[in-house]
Amino acid sequence: MGHNDWNIDTAHTGIHFSVRHMVVSKVRGRFEKYSGTFRLDDGDITRSFVDVTIDASSIDTGVADRDTHLRSPDFFDVEKFPELRFRSKRIERVDDTRHRVIGDLTIRDVTREVSLDVEYGGHGKDPWGNERVGFVAKTSIDRKDFGLTWNQMLETGGILVGDRVDIDLDVQGVRGAAHSAA
C-alpha cells in the first residue's frame with residue numbers, strides 16, 4: 001500500500017485551547033497561523049508521522065490586552081521563541097478509529113513528551129478532486145511544565161490562571177501533489 005504525504009489544510013483546521021480563569025470560568029483561544037505535514041502509512045497507521053509548526057504570535061483569545069500579555073516574556077515570549085512545534089515519535093493503536101500519538105511538544109525553549117488522543121474522521125474526495133482526510137485530537141498539558149509559570153493570587157486565595165491547558169485539534173489534510181505517470 002505504501003505511504004501518503006499530506007499537508008494540513010489550514011482553512012479547514014482548528015487549533016483551540018482552554019484554560020481555567022479565576023477558578024469559575026474558562027478562557028478559550030486558538031492559534032491562527034500554523035503549518036504542518038503528516039505521512040500516513042496505509043498498511044500500518046502506527047508507522048505514520050506528523051510534524052506541525054505553530055506561529056506563537058498568532059494566539060487569539062478575543063481580548064487584545066490579554067493576547068499582548070500572552071505574547072510577552074511572562075508567557076510565550078514570541079520575540080525570543082516565535083514558534084511552537086510538535087513532532088510525533090510513535091503512534092499506538094487504541095482501536096479501529098482511535099490512536100495515541102506520542103511526540104515532542106516544544107514551547108519556548110522547553111521540549112516535553114505529550115500524548116494526543118486521536119480519532120480518525122474519515123477520508124474522501126472534495127468537489128475539486130482533492131483527496132482529504134480528517135482527524136480530531138485532544139490532549140491536556142500543565143503549562144508550568146513548559147516554563148509558563150506566570151500567575152497572580154486572588155483575594156479569595158485562588159489563582160488567576162489555571163495550570164491545566166486543554167487542547168483540541170480539528171485537522172483536515174489534503175494529499176500532497178501526486179506525481180502522475182507520464
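Bear in mind that the values here come from a model prediction, so they are computed numbers and not experimental data. Per-chain numbering applies: the sequence of each chain, read as written, is numbered from 1 onward. Note on the predicted model: pLDDT of at least 70 is required for a residue's local features to be given, and 80 or more for side-chain atom pairs to be given and counted; whole-chain, interface and lining totals, by contrast, use all residues. Only hydrogens and water are set aside; all other atoms, that is, all heavy atoms of the structure, feed into the side-chain values.

Some details on the packing of aromatic side chains
To pair, rings of Phe, Tyr and Trp, with the six-membered ring standing in for Trp, must have centres within 6.5 Å; the planes then decide the type, stacked if under 30 degrees apart, edge-to-face if over 60, and tilted in the middle. Overall, the coordinates contain 6 aromatic pairs when judged by the stated rule. Both rings, one in tryptophan 6 and one in phenylalanine 38, keep their centres 6.3 Å apart while their planes meet at 10 degrees; by these two values the pair is stacked. Here tryptophan 6, found in strand β1 (residues 3-8), pairs with phenylalanine 38, found in strand β4 (residues 34-41); they are 32 residues apart in sequence, far enough to count as distant. For every residue, the accessible area (1.4 Å probe, protein chains only) is compared with the maximum for its type, and the residue is labelled buried under 20%, exposed over 50%, or partly exposed between those bounds. A relative accessible area of 8% means that phenylalanine 38 is categorised as buried. Between the aromatic rings of phenylalanine 17 and phenylalanine 31, the centroid separation amounts to 5.7 Å while the plane-to-plane angle is 45 degrees, which identifies the pairing as tilted. Here phenylalanine 17 is found in strand β2 (residues 14-21), whereas its partner phenylalanine 31 is found in strand β3 (residues 25-31), with 14 residues between them in sequence. The burial state of phenylalanine 17 is the same as that of phenylalanine 31; both residues are buried. Ring pairs connect the aromatic residues Trp6, Phe38, Tyr120 and Phe135, which therefore count as one cluster. Helix and strand definitions follow DSSP, with helices as H or I runs of at least four residues and strands as E runs of at least two, each counted in order from the N terminus.

A short note on the nonpolar core
We define a nonpolar core as any set of buried Ala, Val, Leu, Ile, Met, Phe, Trp, Tyr and Cys residues linked to one another through side-chain atoms lying within 4.5 Å. Grouped together as the largest cluster of nonpolar side chains are 42 residues, with contacts concentrated most on Phe31, Phe38, Phe76, Ile107, Leu116 and Ile141. Of all the elements, strand β11 (residues 161-175) adds the most residues to this core, at 5 residues. Only heavy atoms matter for contacts: two residues are in contact if any of them lie within 4.5 Å across the pair. If we ignore the near neighbours within four places in the chain, the residues touching phenylalanine 38 are Asn4, Asp5, Trp6, Ile8, Phe49, Val50, Val133, Phe135, Val171 and Gly173.

Observations regarding the pattern of salt bridges
Each salt bridge in this description consists of a side-chain nitrogen of Lys or Arg and a carboxyl oxygen of Asp or Glu lying within 4 Å of one another. This model, assessed by the stated rule, comprises 22 salt bridges. A salt bridge links aspartate 51 to arginine 85, with the shortest nitrogen-to-oxygen separation between them at 2.7 Å. In this pair, aspartate 51 is assigned in strand β5 (residues 49-55) and arginine 85 in strand β7 (residues 83-93), connecting sequence segments 34 residues apart. Overall, arginine 85 belongs to the partly exposed group, its relative accessible area being 32%.

Thoughts on the side chain of aspartate 51
Under the relative-accessibility criterion, aspartate 51 is labelled buried at 14%. In terms of polar contacts, aspartate 51 uses its side chain to reach the side chain of arginine 85, at 2.7 Å. If we skip the residues at most four places from it in the chain, aspartate 51 touches Ser35, Gly36, Thr37, Arg85, Phe86 and Arg87. Counted as a polar contact is a pair of N or O atoms within 3.5 Å, where, for protein atoms, one must be capable of donating a hydrogen and the other of accepting one, and residues adjacent in sequence contribute only when both atoms are in side chains.

As for the environment of isoleucine 54
Locating isoleucine 54 in the fold gives a position in strand β5. The buried category is assigned to isoleucine 54, whose relative accessible area is 12%. C-alpha separation for the pair isoleucine 54 and arginine 85, spaced 31 residues apart in sequence, amounts to 6.2 Å. If we ignore the near neighbours within four places in the chain, the residues touching isoleucine 54 are Ile15, Phe31, Lys33, Tyr34, Pro82, Glu83 and Leu84.

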